[in-house]
Amino acid sequence: MIRIMIVDDHPVVRAGLRAVLGAVDDFTVVAEAGEAAESVRIASTTGLDVVLMDLRLHGADPSADGVYATQSIRALADPPQVLIVTTYQSDTDIVRAVEAGAVGYLLKDASPETLVGAIRSAAAGETVLGPAIAAKLLTRVTSREAALTARELDIVAQLAEGGSNREIARRLFISEATVKSHLVHIFDKLGVNSRTKVLAAARERGLIR
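About the criteria used
- Residues numbered from 1 in each chain as written.
- Predicted model: local features only at pLDDT ≥ 70, side-chain atom pairs only at ≥ 80, totals over all residues.
- Heavy atoms only, no water.
- Helix = DSSP H or I, 4+ residues; strand = E, 2+ residues; numbered from the N terminus.
- Rg over C-alpha atoms; globule rule 2.2 N^0.38 Å.
- Buried < 20%, exposed > 50% of the residue type's maximum accessible area, 1.4 Å probe, protein only.
- Contact = heavy atoms within 4.5 Å.
- Areas by Shrake-Rupley, 256 points an atom, 1.4 Å probe, with all protein chains shown as cover.
- Lys, Arg positive; Asp, Glu negative; His and termini not counted.
- Charge placed at Lys NZ, Arg CZ, Asp CG, Glu CD.
- Phe/Tyr/Trp six-rings, centres within 6.5 Å; stacked < 30°, edge-to-face > 60°.
- Lys NZ or Arg CZ within 6 Å of the ring centre and 35° of its normal.
- Pairing = 2+ DSSP bridges.
- Axes fitted to C-alpha atoms, helices over the stretch in contact; angles between N-to-C directions.
- Right-handed = clockwise from strand over helix to strand, strands pointing away.
- Parallel < 35°, antiparallel > 145°, perpendicular 65-115°, else oblique.
- Left-handed = near helix turned anticlockwise from the far one by under 90°.
- Core = buried A, V, L, I, M, F, W, Y, C linked by side-chain atoms within 4.5 Å.

A.B. asks: Could you clarify how one ought to interpret the overall build of the protein in this entry?
C.D. replies: Within the protein, the secondary structure is distributed over ten helices and six strands. Taking 209 residues into account, the globule formula puts the C-alpha radius of gyration at 17 Å, and the protein, at 18 Å, falls close to it. Expressed as lengths along the three principal axes of its C-alpha atoms, the size of the protein is roughly 55 × 35 × 30 Å. Looking at the protein as a whole, 45% of its 209 residues are labelled buried. For the protein, long-range pairs separated by at least 24 residues make up 62% of all intrachain contacts whose partners lie at least 6 apart in sequence. Of the roughly 10,500 Å² of accessible surface on the protein, 53% is carried by carbon and sulfur atoms. The protein carries 23 positive and 26 negative side-chain charges, and their two centres are separated by 7 Å.

Now the structure itself:
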């Protein structure tokens, strides 16, 4: 029996997933959560095999999103696998989730058959990507453009918020010199020579929304 927890801040979504999974003989939904902290608490005290995790969780702490919850759950002594099930598919979202320890990434419009198969694969510890995500990553990998690292994506996201080098350094807990070094690499990879052009190129490539 595969024991599952559903983490989503929309009760209607949780109910829909529970209905789909309830029709599978060897699946049992043993818990639900609407906030990151709640999901971590449940995962630490409940026997689970797979957690279905949304990325956007609107709880008391706005910084405690699905990536935070994923990282916290995977840091437990005997952690369940975490499968992201969300509507978001930017490169930043995917990279952050995978680096946090997620074993797979699906979009919410995936078919029931795809979802069931992904849960079985996740329970076995196998990496699983939804068709749309796999196609997106394949395009990225086969592109002649060099991919940005997770930290470089963080820098780009901060640029999009209008942060100066000093502000970015403070927010990311790094030095200004490190920010400047990352910017040099970003300029080179995107083939641009200004912060404004970085944002234009990043939006064109789908790196930021």
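After that view of the structure, there is still more to cover.
A.B. asks: Quick question: what am I supposed to make of the packing of aromatic side chains here?
C.D. replies: Given two aromatic rings, their pairing is described by the distance between the two centres and the angle made by the two planes. Following the criterion strictly, the structure yields zero aromatic pairs and no others. Between arginine 56 and the ring centre of tyrosine 88, over which it is positioned, the NZ or CZ distance is 4.1 Å.

A.B. asks: Is there a simple way to explain the sheet that holds strand E2 (residues 27–33) in this structure?
C.D. replies: Strand-to-strand pairing in sheets goes through backbone hydrogen bonds, with the strands running parallel or antiparallel. Read from one edge of the open sheet, six strands run E2-E1-E3-E4-E5-E6, paired in parallel fashion. Both outer strands of the open sheet, E2 and strand E6 (128–129), are each paired with one neighbouring strand and no more. With four bridges joining them, strand E4 (residues 81–86) and strand E5 (residues 104–107) adopt parallel strand pairing. Within E5, the residue paired with isoleucine 84 across the bridge is tyrosine 105. This element, helix H1 (residues 11–22), spans strand E1 (2–7), E2 and strand E3 (50–53) of the sheet and lies at about 170° to E2.

A.B. asks: Which parts of the structure should I look at to understand the environment of isoleucine 155?
C.D. replies: Considering the arrangement of structural elements, one finds isoleucine 155 in helix H7 (residues 150–160). Under the relative-accessibility criterion, isoleucine 155 is labelled buried at 0%. With 102 residues separating them along the chain, isoleucine 155 and methionine 53 place their C-alpha atoms 25 Å apart. The contacts of isoleucine 155, once residues within four sequence positions are left out, are Ile168, Leu172, Ile174, Val179, His182, Leu183 and Ile186.

A.B. asks: Explain the pairing of E2 to me, please; I cannot follow it from the model alone.
C.D. replies: Look at any regular strand and the pattern is simple: side chains alternate between the two faces of the sheet. Across six bridges, E1 lies against E2 in parallel orientation. Looking at E2, one finds that isoleucine 4 is bridged to valine 29. Each parallel crossover has a hand, and for E1 linked through H1 to E2 it is right-handed.

A.B. asks: Is there a simple way to explain the environment of arginine 96 in this structure?
C.D. replies: Here arginine 96 lies in helix H4 (residues 91–100). When the C-alpha atoms of arginine 96 and alanine 150 are compared, they prove to be 7.0 Å apart, with 54 residues separating the residues in sequence. In contact with arginine 96, not counting residues within four places along its chain, are Asp65 and Val67.

A.B. asks: How do you make sense of the environment of valine 13 when you look at a structure like this?
C.D. replies: With respect to the secondary-structure elements, valine 13 resides in helix H1. Spatially, the C-alpha atoms of valine 13 and lysine 108 are 9.3 Å apart, while their sequence positions differ by 95 residues. Every residue in contact with valine 13, bar those within four places of it in the chain, is listed here: Asp8 and Lys108.

A.B. asks: Before we go on, may I ask you to explain the packing of helix H3 (residues 66–74) against H4 in this structure?
C.D. replies: For any two helices packed against each other, one specifies the inter-axial angle together with the distance between the axes. One way to put it is that H3 packs onto H4 with a least axis distance of 8 Å and a crossing angle of 15°. As the angle between them shows, H3 and H4 are arranged roughly parallel. For H3 against H4, the interelement crossing comes out right-handed. Residues Val67, Thr70, Gln71 and Arg74 of H3 pack against Arg96, Ala97 and Ala100 of H4.

A.B. asks: How should I be thinking about the nonpolar core in this particular structure?
C.D. replies: Inside soluble globular proteins, nonpolar side chains tend to come together where they are buried. Among the nonpolar cores identified, the biggest contains 26 residues, and Met5, Val7, Val51, Met53, Ile73, Ile84 and Tyr105 are the most heavily contacted of them. Where this core is concerned, the elements lending two or more residues are E1, E2, helix H2 (36–45), E3, H3, E4, H4 and E5. Element by element, the count of residues in this core is highest for H2, at four residues. Setting aside its immediate chain neighbours within four residues, isoleucine 84 contacts Met53, Leu55, Thr70, Ala97, Ala102, Gly104, Tyr105 and Leu106.

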